[in-house]
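In case you want the letters, here they are:
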Amino acid sequence: MTCEVAVEEQEREISDIEPQECSTAAENGVLLVVNHSRIKPPFSVVLATVLYCAEFVSAAVLCSMYHKTDDDIWLGFTIAFMLLPAVIIQLALTFIHRDLGRDRPLVLFLHLLMLGPVIRCFEALVVYFKAGKKEEPYVTISRKISLKKGQGMPMEWEIGQSERNLATHRNAFKRTAVIQAFLGSAPQLTLQLYATIQEKYILPARLALMIITLISITYGALVCSVLAIQIRYDDYKVRLRPLAYMCMIVWRGLEIAARITALVLFSTALTHWMILVGMSNLLFFFFLPWVEFWARKGSLTQDVEKNFSKLGTTVVLCMFTLLYACINVFCWSAVQLDLSHRELIERKQRWGRLAMYYGGRFVENFVLITLWYFFKSDFYEYVCAPLLAIQLLICYSLAVLFMLLFYQFCHPCRRLFKYNVHDCLHCICCRTGRREARGRRGKLPPSYSTAATMVLVQEEPLELLDPQNSQPLDLTSQLGERETAIVEDMMEAA
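Counting from 1, residues in each chain are numbered in the order their sequence is written. With pLDDT at 70 or above as the cut-off, local features in this predicted model cover only qualifying residues; side-chain atom pairs require 80 or more to be listed or tallied, and sums for whole chains, interfaces and linings still use all residues. Excluding hydrogens and water, the side-chain values take into account all heavy atoms of the structure.

A. Molecular detail of the overall build of the protein chain. A tally of regular secondary structure across the protein chain gives 15 helices and 6 strands. Of all 494 residues assigned to the protein chain, the portion counted as buried reaches 44%. Long-range pairs, those at least 24 residues apart, make up 74% of the contacts in the protein chain with a sequence separation of at least 6. We get accessible surface area from the Shrake-Rupley algorithm with a probe of 1.4 Å; when it comes to residues, only the shown protein chains can shield them. When the accessible surface of the protein chain is totalled, it reaches about 26,900 Å², and 66% of it is carbon and sulfur. Every helix listed is a DSSP run of H or I at least four residues long, and every strand listed is a run of E at least two residues long, numbered separately from the N terminus. The rule is simple: take the accessible area with a 1.4 Å probe, protein chains only, and divide by the maximum for that residue type; under 20% is buried, over 50% is exposed, in between is partly exposed. In what follows, residue pairs with any heavy atoms lying within 4.5 Å of each other are defined as contacts.

B. Molecular detail of the pattern of salt bridges. Salt-bridge detection follows one rule: a side-chain nitrogen of Lys or Arg within 4 Å of a carboxyl oxygen of Asp or Glu. Considering all chains together, one arrives at 9 salt bridges under this definition. Measuring nitrogen to oxygen at the nearest pair gives 3.3 Å for the salt bridge that ties Glu-255 to Arg-252. With Glu-255 and Arg-252 both in helix 8 (residues 242-269), this residue pair falls 3 residues apart, about one helical turn. Under the relative-accessibility criterion, Glu-255 is labelled buried at 1%. As a salt-bridge pair, Glu-292 and Arg-353 come within 2.2 Å of each other at their nearest N and O atoms. Pair noted here: Glu-292 is in helix 9 (residues 271-296) and Arg-353 is in helix 11 (residues 351-375), with a separation of 61 residues, a long-range link. Each member of the pair, Glu-292 as well as Arg-353, is classed as buried.

C. Examining the packing of helix 7 (residues 204-232) against helix 8 more closely. Helix 8 packs onto helix 7 with a crossing angle of 125° between their chain directions and a minimal axis gap of 9 Å. Judged by the inter-axis angle, helix 7 sits oblique to helix 8. The interaxial crossing formed by helix 7 with helix 8 has right-handed handedness. For the pair helix 7 and helix 8, contact is made by Leu-214, Ile-217, Thr-218, Ala-221, Leu-222, Ser-225 and Val-226 and by Tyr-245, Met-248, Ile-249, Trp-251, Arg-252, Gly-253, Ile-256 and Ile-260, respectively. Amino acids outside the nonpolar list (Ala, Val, Leu, Ile, Met, Phe, Trp, Tyr, Cys, Pro) and the charged list (Asp, Glu, Lys, Arg) are all regarded as polar, and Gly is one of them. Residue classes in the contact of helix 7 with helix 8 are distributed as 11 nonpolar, 3 polar and 1 charged. Angles run from 0 to 180 degrees between N-to-C directions of axes, and those axes are lines fitted to C-alpha atoms, restricted for helices to the stretch in contact. Put simply, angles under 35 degrees are roughly parallel, angles over 145 are roughly antiparallel, angles from 65 to 115 are roughly perpendicular, and the rest are oblique. The handedness criterion is simple: a crossing whose near helix is rotated anticlockwise from the far helix by less than a right angle is left-handed, and one whose near helix is rotated clockwise is right-handed.

D. Structural detail: the UniProt feature "transmembrane region" (unreviewed entry) in the protein chain. UniProt positions are given in the numbering used here, feature names are shortened, and annotations may be inferred rather than shown by experiment. The positions UniProt marks with the feature "transmembrane region" (unreviewed entry) are residues 45-67, 73-96, 108-129, 207-231, 273-291, 311-335, 355-375 and 387-407. The annotated region residues 108-129 carries 86% helix and 0% strand content, and the separation between its end C-alpha atoms amounts to 24 Å. Along residues 355-375, the helical share is 100% and the strand share 0%, with 30 Å between the first and last C-alpha atoms.

E. Inspection of the confidence of the model for the protein chain at higher detail. A residue's pLDDT is the confidence the predictor assigns to it, expressed on a 0 to 100 scale. Mean pLDDT for the protein chain: 77, with 71% of residues reaching 70 or above. In the predicted structure, residues 1-27 sits below a pLDDT of 50 and forms 80 contacts with residues beyond four places in sequence or in another chain. Contacts for the low-pLDDT stretch residues 444-494, under 50 throughout, to residues beyond four places or in other chains number 39 contacts.

F. Examining a nonpolar patch on the surface more closely. In this scheme, patches are assembled from residues that exceed 30% relative accessible area and form no salt bridge. Like charges are connected within 9 Å, while nonpolar side chains (Val, Leu, Ile, Met, Phe, Trp, Tyr) are connected within 5 Å. There is a patch of nonpolar side chains on the surface, built from Phe-362, Val-363, Phe-366, Val-367, Leu-371, Tyr-373, Phe-374 and Phe-375 and spanning about 740 Å² of accessible area. With respect to the element layout, Leu-371 can be found in helix 11. A relative accessible area of 31% places Leu-371 in the partly exposed class.

This is how it looks when you write it as structure tokens:
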């Protein structure tokens, strides 16, 4: 990403720091918070490093076992899904920290050994433990709006050099966590689950690798959701509660588990068709941002890197789009790309696309599970196939339910929504009920009593006189127009 985007995201990250007691109200109504003594530990950096090392080591152990048993196919794919994300992570960390133009041979050597995240984590811990031991001048000021009980309070934070360096490490490891999750862990989990079903037994090393990859994917999806909230509400101080994190973990965990299981089951029954399904998903989400970019007749952003040519910028955007496509193959990315924007992310929340994604993905999972049920192999004779299919559909439905609960009750900026989930569902139900009522009235049987009632008591709108021009007011039509206007406004917001 660009240097400017990195700086802005650093300020977004630092804005989550709790204000200290040493706060003063400025004359212009902005609360000035001076916070140098309390810095949050880099837990996200440590967690991302632990997941990277654990997955790399467990994959290496499993590769040695495949080599001993001469399983060349499993060995080749496991090595590919182990090294591909590792190489991209080293390049991403080197690019973000701009180490190529600095004299740091040891750091570059460790990156060649695939140990870049380890040395970066060590640097972040050193910065954290040294922070606060001596007075340091602030290097920038972060301005955010704090939401408390629906009231917005403008606030300012003085950011020191240590806090800024830690923010740089946090933002870099957020990117590496997403890369590791969807370029390495997701295909690795799919491969190992497929190998387990094909070989009809579970290796302890393979089981350990599958558990680690599932945790890594869930964490990567969680990072995507949090980053989407921080980007869309850049002017506000985003603070997620523990209940919100738990809701997102359940939502993402069920979504990813159901999706990967459906893909693996389908691949065991129709292996060659699975290649078509996977490639069609990947190519669709890869070309979707480019088609929208060409439809808008936009120009490529020049803020990716000032020293890049148009070819270099295009290559970086293609890699970014590939990551976006890989995320959407397995779960909702929570963001939409805008290749003409300097941040490459569309800030507007598009509820219509969210509904289309989950609706289409549910139908696709249902079709994949149905085809597996009719073409399944003899391996599933001792498994209740209908029950397994229903459980997968229920798991995905529960994921959608927890997603709705998050946006309705746990979203940190839900008070800023023009319409929430309850309003949308209520309006849709009311509109559907009104249409059904009209249909029932139009299809009543022509009995004697109803015919007499229809003749004697006609359905006419209630009329009142307008006090200004003495013209009759049609309240029924006005209420209908108002409700229609609300529905159209909600569709425009979506």
